[in-house]
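# Reading the structure
Given next are the chains, with one letter for each unit.
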Amino acid sequence: KDLRKGVDGRAAPTDTRWLPAPASMGNEEKNDKKKDLFGFLYDVRRIPCMRNTLLNATGCGIALGLHSFYRHRIPWTASQTGLKAAMFVSLCTWVTCRLNFRYKKDQIRKIMEAQEAKPGAPGIPPKKQ
């Protein structure tokens, strides 16, 4: 099939000024800087603890909201209860997960420094002098 032909068989227009410029024409620097500053907005998976926090908060908020609706039969109160529960659980989960993350990161750093101090440690070749 000839890609230069239009849908109805006529020649496709050769004026391509209306097409957007590809990202490789000078825009990549601006996009990279923007992703560095606001990278957490583009890729939430890169944030440690975000997945667990969102899953726990969503689950608890829905569960407590449904429980509140079952008890009181007032949708407004149930939605407020669910939202408050989700916010509280997300805050608690986020803080505890970040503390554990920082603790593990410090432990790994200390172990790596100790291994670098020992010549011939397991997994590290001895330093040549």
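Residues numbered from 1 in each chain as written. Predicted model: local features only at pLDDT ≥ 70, side-chain atom pairs only at ≥ 80, totals over all residues. Heavy atoms only, no water.

### Considerations on helix 4 (residues 75-117)
Using the following cut-off: Going along the chain from the N terminus, every DSSP run of H or I of four or more residues is numbered as a helix, and every run of E of two or more is numbered as a strand. What a helix is expected to span follows from its residue count: subtract one and scale by 1.5 Å. For every residue, the accessible area obtained with a 1.4 Å probe (protein chains only) is divided by the maximum for its type, and the residue is called buried under 20%, exposed over 50%, and partly exposed between those limits. In what follows, a contact means two residues having at least one pair of non-hydrogen atoms within 4.5 Å.
The terminal C-alpha atoms of helix 4, which comprises 43 residues, lie 62 Å apart, in line with the 63 Å expected from a rise of 1.5 Å per residue. Taken residue by residue, helix 4 has Ala78, Gly82, Ala85, Ala86, Val89, Thr93 and Cys97 as its buried positions. Elements that come into contact with the buried residues of helix 4 comprise helix 3 (50-72).

### Points about the side chain of threonine 53
For clarity, the cut-off: Think of a polar contact as two N or O atoms within 3.5 Å of one another; within protein, one of them needs to be a possible hydrogen donor and the other a possible acceptor, and neighboring residues in sequence only count if both atoms come from side chains.
Considering the arrangement of structural elements, one finds threonine 53 in helix 3. Look at threonine 53 and you get buried, because its relative accessible area is 4%. Here the side chain of threonine 53 touches cysteine 49 through a polar contact of 2.7 Å, landing on its backbone oxygen. In this structure, threonine 53 is in contact with Ser90, Thr93 and Trp94, ignoring residues within four places of it in sequence.

### What to know about a nonpolar patch on the surface
Condition: Patch building starts from residues that exceed 30% relative accessible area and form no salt bridge, then joins like charges within 9 Å and nonpolar side chains (Val, Leu, Ile, Met, Phe, Trp, Tyr) within 5 Å. Note on areas: Shrake-Rupley with a 1.4 Å probe; residue coverage comes only from the protein chains shown. Any Lys or Arg side-chain nitrogen located within 4 Å of an Asp or Glu carboxyl oxygen qualifies as a salt bridge.
Taken together, the side chains of Leu91, Val95 and Leu99 define a hydrophobic patch exposed on the protein surface, amounting to about 270 Å² of accessible area. You can see leucine 99 is positioned in helix 4.

### Describing the pattern of salt bridges
Considering all chains together, one arrives at one salt bridge under this definition. A salt bridge links glutamate 113 to arginine 109; the shortest N-O distance between them is 3.3 Å. With a gap of four residues between them, glutamate 113 and arginine 109 both fall in helix 4, about one helical turn apart. Residue classification places glutamate 113 among the partly exposed residues on the basis of a relative accessible area of 44%.

### Quick look at unusual backbone geometry
Negative phi is the rule for most residues except glycine; trans is the rule for most peptide bonds. If you check the backbone angles, cysteine 49 has positive phi at about 75 degrees while not being a glycine. On the secondary structure map, cysteine 49 appears in the loop between helix 2 (39-42) and helix 3. We classify cysteine 49 as buried; its relative accessible area is 11%. Although it is not a glycine, arginine 73 sits at a positive phi angle of roughly 60 degrees. As for its position among the elements, arginine 73 is in the loop between helix 3 and helix 4. The class for arginine 73 is exposed, based on a relative accessible area of 54%.

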